[in-house]
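The chain contents come next:
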Amino acid sequence: SNSPVSEFCPVALDDQVTFNAVVYGAHPYGHPAQGDDASTAALDRARVVRFYETYYRPENAWLLVVGDVTPAEARALVEARFGAWARGEVPPPPAAADPAPSPRTFYLVDKPEAAQSVIQIGHVGVPRSTPDYYALRVLNTILGGSFTSRLNQNLRETHGYTYGARSGFSMQRLAGPFSAGASVQTAKTDSALIEFFRELRRVRDETVPAAELAKARAYITLGLPAEFETTRGAAGMFAELLNNDLPLDTYDSFMARVNAVTAADVQRVARRYIRPDEFAVVVVGDRAKIEAPIRALGEGPTAARDLWGKPVE
């Protein structure tokens with residue numbers, strides 16, 4: 001998605017669960033939303049009903065209506081269908097501090113005979129409310145948020161290691177992850193990692209050229225109108241504002257704020273929010289073939305994990 005609110009974050013079922021578990025640990029974002037073997041086995045009807053009765057309350061909900069309907073008509077429809085919805089006290093969401101950073105480590109999930117390795121690199125990022133949102137949008141468009149981004153041009157077009165390489169800041173109410181990733185040929189796992197690190201460091205170390213900066217800003221601003229093309233799209237855009245307690249007039253200044261981002265801004269946020277020394281590097285692939293080459297890179301230790309991010313022998 002090119003949504004101005006939700007940045008694309010590379011997601012593959014193989015690696016996302018492991019990556020979140022490794023980066024976030026006991027933090028709420030460290031647990032898969034769909035649960036795991038243990039949590040789903042522990043469910044029963046009474047627990048589901050109790051959860052519903054606790055959290056599905058008017059005080060804990062937004063109702064957003066987009067379409068060919070007036071406010072008066074919408075209110076009448078809502079009151080007819082939800083007027084009897086019982087109010088009730090809703091517990092506040094649990095407080096959760098960002099996990100402490102850890103030294104760069106390679107976490108390997110073994111998939112014997114896998115034809116590809118799935119790579120995801122990153123660490124804790126930022127919440128959607130960050131004042132650096134617009135600079136981060138421009139930064140990520142340059143780095144890995146568009147087809148012509150540096151990561152995709154390097155790993156796909158120049159080297160042919162992957163069909164596509166991307167990066168993104170998953171900005172949520174709490175600080176979601178920054179991650180960069182791709183599915184690459186097994187034999188090129190170490191080579192792909194070299195190129196990932198090259199680009200992730202270069203965007204910190206070198207000032208972005210003026211033409212590349214202008215292209216990224218245009219890519220973002222020219223894509224904004226399309227996000228409101230359908231009623232569903234418009235609803236999604238405003239739902240993001242409501243979910244993150246952002247002003248409803250946010251999009252009035254969106255283009256101007258993107259266009260105000262400078263090359264110095266891009267380098268500043270790259271140095272602050274992309275921290276190679278703290279990367280968790282999750283690689284799902286044939287461990288027997290990829291572990292030795294990864295160790296030979298000299299970029300950090302390796303550790304074996306299962307799909308749920310738990311240590312294995």
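What this report covers is the structure whose coordinates are included nearby. Everything numeric in this text was worked out from a predicted model, so none of it was measured.

What counts, and at which threshold
- Residues numbered from 1 in each chain as written.
- Predicted model: local features only at pLDDT ≥ 70, side-chain atom pairs only at ≥ 80, totals over all residues.
- Heavy atoms only, no water.
- Helix = DSSP H or I, 4+ residues; strand = E, 2+ residues; numbered from the N terminus.
- Rg over C-alpha atoms; globule rule 2.2 N^0.38 Å.
- Buried < 20%, exposed > 50% of the residue type's maximum accessible area, 1.4 Å probe, protein only.
- Contact = heavy atoms within 4.5 Å.
- Core = buried A, V, L, I, M, F, W, Y, C linked by side-chain atoms within 4.5 Å.
- Pairing = 2+ DSSP bridges.
- Axes fitted to C-alpha atoms, helices over the stretch in contact; angles between N-to-C directions.
- Patch = residues over 30% accessible without salt bridge, like charges linked within 9 Å, V, L, I, M, F, W, Y side chains within 5 Å.
- Areas by Shrake-Rupley, 256 points an atom, 1.4 Å probe, with all protein chains shown as cover.
- Salt bridge = Lys/Arg side-chain N within 4 Å of Asp/Glu carboxyl O.
- Polar contact = N/O pair within 3.5 Å; in protein donor to acceptor, adjacent residues only side chain to side chain.
- Parallel < 35°, antiparallel > 145°, perpendicular 65-115°, else oblique.
- Nonpolar A, V, L, I, M, F, W, Y, C, P; charged D, E, K, R; others polar.
- Expected span 1.5 Å × (residues − 1).

### A word on the overall build of the protein chain
- For the protein chain, the helix and strand inventory stands at 12 helices and six strands.
- Computed over C-alpha atoms, the radius of gyration of the protein chain comes to 22 Å, within 12% of the 20 Å expected from 2.2 N^0.38 for 313 residues, which places it in the range of a compact globule.
- Looking at the protein chain as a whole, 43% of its 313 residues are labelled buried.
- In the protein chain, 80% of the contacts between residues at least 6 apart in sequence involve partners at least 24 apart.

### Describing the nonpolar core
- The biggest cluster of nonpolar side chains holds 52 residues, and the ones touching the most others in it are V138, L139, F169, F196, L200 and I274.
- Top contributing element to this core by residue count: helix 5 (residues 133–143), with eight residues.
- Among all residues touching V138, those that are not within four sequence positions of it are L213, A216, R217, I220, V258, V261 and V266.
- Y107, V109, A175 and V284 belong to the second largest nonpolar core, which has 13 residues in total.

### Thoughts on the sheet that holds strand 3 (residues 162–169)
- Spatially, the six strands line up as an open sheet ordered 3-4-2-5-1-6, and their pairing is mixed. Either end of the sheet is taken by a strand with one partner, and the two such strands are strand 3 and strand 6 (302–304). Each strand axis lies, on average, 20° off the axis of its neighbour in the sheet, ignoring direction.
- With six bridges connecting them, strand 1 (residues 105–110) and strand 5 (residues 280–285) associate as parallel partners. Following the sheet pairing, V109 is matched in strand 5 by V284.

### Side note on unusual backbone geometry
- Even without a glycine there, the phi angle at E113 is positive, about 65°.
- By secondary structure assignment, the location of E113 is in the loop between strand 1 and strand 2 (116–124).
- Accessibility expressed as a relative area gives 64% for E113, which makes it exposed.

### Some words on a nonpolar patch on the surface
- The grouping of F51, Y52, Y55, Y56, L63, V65, F82 and W85 at the surface amounts to a nonpolar patch, some 800 Å² of accessible area in total.
- A per-element tally of the nonpolar patch places helix 3 (residues 45–55) first, with three residues.
- Within the fold, V65 resides in the loop between helix 3 and helix 4 (71–82).

### Some points on the side chain of S170
- Here S170 lies in the loop between strand 3 and strand 4 (177–185).
- Within the structure, S170 has its side chain in polar contact with the side chain of Q172 (distance 3.0 Å).

### Examining the packing of helix 5 against helix 11 (residues 263–273)
- Remark: helix 5 packs on helix 11, axes separated minimally by 9 Å, with the N-to-C direction vectors making an angle of 90°. Relative to helix 11, the element helix 5 lies roughly perpendicular. Counted together, A135, L136, V138 and L139 of helix 5 and D265, V266, V269, A270 and Y273 of helix 11 form the full contact between these two elements.
- Partitioning the contact of helix 5 with helix 11 into residue classes produces eight nonpolar, no polar and one charged.

### Re the side chain of E195
- Inspection of the secondary structure assignment puts E195 in helix 7 (residues 189–205).
- For E195, a relative accessible area of 8% gives the class buried.
- A polar contact is formed between the side chain of E195 and the side chain of N154, at a distance of 3.0 Å.

### Observations regarding the packing of helix 5 against helix 8 (residues 210–227)
- Remark: helix 5 packs on helix 8, axes separated minimally by 9 Å, with the N-to-C direction vectors making an angle of 110°. On the basis of their axis angle, the class for helix 5 and helix 8 is roughly perpendicular. On helix 8, the residues that touch R137, V138, T141 and I142 of helix 5 are E212, L213, A216, R217, Y219 and I220.
- Counted by class, the contact of helix 5 with helix 8 contains six nonpolar, one polar and three charged residues.

### What about the environment of R75?
- Here R75 is to be found in helix 4.
- On the basis of relative accessibility, which here comes to 56%, the residue R75 falls in the exposed class.

### Some details on helix 9 (residues 231–243)
- With 13 residues, helix 9 extends 18 Å from end C-alpha to end C-alpha; this agrees with the ideal 18 Å at 1.5 Å per step.
- Backbone geometry just after helix 9 places D245 at a positive phi near 55°.

### Comments concerning the pattern of salt bridges
- For the coordinates displayed, the defined rule picks out 17 salt bridges.
- A salt bridge links R75 to E79; the nearest nitrogen and oxygen atoms lie 3.7 Å apart. Taken together, the residues R75 and E79, both in helix 4 and four residues apart, mark about one turn of the helix.
- For R295, the salt bridge identified is with E291, shortest N-O distance 3.0 Å. Note that R295 and E291 are positioned in helix 12 (residues 287–296) at a spacing of four residues, about one turn of the helix.
- What makes R295 exposed here is its relative accessible area of 52%.
- It is possible to trace a salt-bridge network through shared partners that takes in R104, R201, D277 and E299.

Keep in mind these values describe shape, not function.
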